[in-house]
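Topology and contacts: notes
What follows is the residue order along each chain.
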Amino acid sequence: MPATAPLRAIRAAASAASPRRGRSESSTDDATRRIADAIVAAIVERRLMPGTKLAEQKIADIFRVSRTLVRQALNQLSRDQLVTLERGRGARVARPSVDEARQVFEVRRVLEAAMIRRAAHELTGPQVKELRAHLKAEQAAVGRLDISGRTRLLADFHVVIAGMLGNQVLAAMLSELVSRSSLIALMYQSADSAGHSLDEHVAIVDAVEQRDARTAARLMAAHLAHVEEDLRLDFRSTGPTAARPTTALQPAAAFA
Ligand SMILES: [Zn+2]
């Protein structure tokens, strides 16, 4: 990959990310969040690969902010395990290990089975409609082979449900876990599972709409198990280095 490509990815995400309070936003927190969001978006949309160097100065130039703000954003991403900071060597997009991948999915299975059970009991009619609209958008993105769009939408499905339940802690945790899952998929995914994921999302929403909490929980657990099965996590001895760049760049593969 040419050296400029990762920066193009961040720049694209930067211009796509709409400021939440208009263009006049200027507070430090907003700027830090905007940078972090753009990097996460580039990761989730598969435009920024594991191990890619994140040069502070270049990112600062893209966002026209100080390096201090960029460093804050990178620190935040490092706490979320999305970025690795090495003294003297700067920041890189993280390269999750096989163990980490398994742990992320273990936590997601527990969290999301409980989450979807609650969703089946508590989501309102309009919220279920909103989920259906989300599925339509997923379907449209899959149909027009919009890799970035569909990857983001498939991942967002899980975070959207958490947000609907009104639990900010759950939504934040899931958002982090889903972003980490995206990195894991970039490193280990071997097959195209986008269509597969979409069908499973539809079945989950069907169960939620029918207020069938047990089935919804079972389907969610099965869905996450399938996503994990699609990963090549069996190369324990070689670890993350077993993932080849060509695998990471395969546009067919999509997570979530
Ligand atoms: Zn999914």
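Reading the values: the criteria
- Along each chain, numbering runs from 1 in the same order as the chain's sequence is written.
- Local features in this predicted model are restricted to residues of pLDDT 70 or higher, and side-chain atom pairs are both shown and tallied only at a pLDDT of 80 or more, whereas totals for entire chains, interfaces and linings draw on every residue.
- Going along the chain from the N terminus, every DSSP run of H or I of four or more residues is numbered as a helix, and every run of E of two or more is numbered as a strand.
- By the criterion used throughout, residues are in contact when their C-beta atoms, derived from the backbone, lie within 7 Å.
- Strand pairing requires that DSSP identify at least two bridges connecting the strands.
- Every axis in this analysis is a line fitted to C-alpha atoms, fitted for helices over the stretch in contact. Angles between the N-to-C directions lie between 0 and 180 degrees.
- Remark: C-beta atoms are placed from the backbone, and a residue is labelled buried if 20 or more other C-beta atoms sit within 10 Å of its own, exposed if 12 or fewer do, or partly exposed between those counts.
- Definition of nonpolar core: a set of buried Ala, Val, Leu, Ile, Met, Phe, Trp, Tyr and Cys residues joined via C-beta atoms within 7 Å.
- Bear in mind that the domain bounds are from an automatic or database domain assignment.
- Put simply, angles under 35 degrees are roughly parallel, angles over 145 are roughly antiparallel, angles from 65 to 115 are roughly perpendicular, and the rest are oblique.
- What makes a crossing left-handed is the near helix being turned counterclockwise from the far one by less than a right angle; a clockwise turn instead makes it right-handed.
- Note on residue classes: Ala, Val, Leu, Ile, Met, Phe, Trp, Tyr, Cys and Pro are nonpolar, Asp, Glu, Lys and Arg are charged, and everything else, Gly too, is polar.
- Multiplying 1.5 Å by the residue count of a helix minus one yields the expected span of that helix.

1. Observations regarding the overall build of the protein chain
Check the secondary structure of the protein chain and you find eleven helices and three strands. Written out in order from the N terminus, the α and β elements of the protein chain read α-α-β-α-α-β-β-α-α-α-α-α-α-α. Counting only contacts in the protein chain whose residues sit at least 6 apart along the sequence, the fraction spanning at least 24 positions is 78%.

2. As for the sheet that holds strand β1 (residues 53–54)
Spatial strand order, β1-β3-β2: three strands in an open sheet with antiparallel pairing. Sheet topology places β1 and β2 (83–86) at the edges, where each strand pairs with a single neighbour. Against the sheet, helix α4 (residues 67–79) engages β1, β2 and β3 (90–93), with an angle of about 115° to β2.

3. As for the environment of T52
By the element assignment, T52 lies in the loop between α2 (28–44) and β1. Judged by the 23 C-beta atoms lying within 10 Å of it, T52 falls in the buried class. Considering only alpha carbons, one finds T52 and R95, 43 residues apart in sequence, at a separation of 9.3 Å.

4. Considerations on the nonpolar core
Counting 63 residues, the largest nonpolar core has I35, I39, I43, I116, V208 and A216 as its most contacted members. Of the residues forming this core, the biggest block, ten residues, is contributed by α2. Split by domain, this core shows at least three residues from each of two domains, domain 1 (5–93) and domain 2 (98–249). Among residues more than four places away in sequence, those in contact with I39 are I10, L48 and L77.

5. A few points about the packing of helix α5 (residues 98–122) against helix α10 (residues 213–229)
Packing of α5 against α10 leaves a shortest axis separation of 8 Å and a crossing angle of 155°. Considering the angle they form, α5 stands roughly antiparallel to α10. Crossing of α5 over α10 shows right-handed handedness. Where α5 abuts α10, its residues F105, R108, R109, E112, A113, I116, R117, A119, A120 and H121 lie against A213, A216, A217, M220, A221, L224 and E228.

6. Section: the packing of α5 against helix α8 (residues 168–188)
As a packed pair, α5 and α8 sit with axes 10 Å apart at the nearest point and diverge in direction by 140°. Classified by the interaxial angle, the pair formed by α5 and α8 is oblique. Crossing hand, α5 versus α8: left-handed. Counting all contacts with α5, which are made through A101, V104, V107, R108, L111 and M115, the residues of α8 involved are L170, M173, L174, L177, R180, S181, I184 and Y188. Classifying every residue of the contact of α5 with α8 gives eleven nonpolar, one polar and two charged.

7. Let's talk about helix α6 (residues 125–143)
Helix length check: α6 (19 residues) gives 27 Å between terminal C-alpha atoms against 27 Å at 1.5 Å per residue, within 8%. Directly after α6, the chain includes L145, whose backbone phi takes a positive value near 55°.

8. With respect to the pairing of β3
Pairing between β1 and β3: two bridges, direction antiparallel. Residue L54 lies in a different strand from β3, and its bridge partner there is A91. Pairing geometry for β2 and β3, over four bridges, is antiparallel. Looking at β3, one finds that V83 is bridged to V93. Linkage of β2 to β3, two consecutive antiparallel strands, is achieved through a turn of three residues, within which G88 is found at a positive phi near 80°.

9. Quick word on unusual backbone geometry
Positive phi values are uncommon outside glycine, yet Q81 reaches one of about 65°. Following the sequence through the fold, Q81 ends up in the loop between α4 and β2. The partly exposed category is assigned to Q81, around which 16 C-beta atoms lie within 10 Å.

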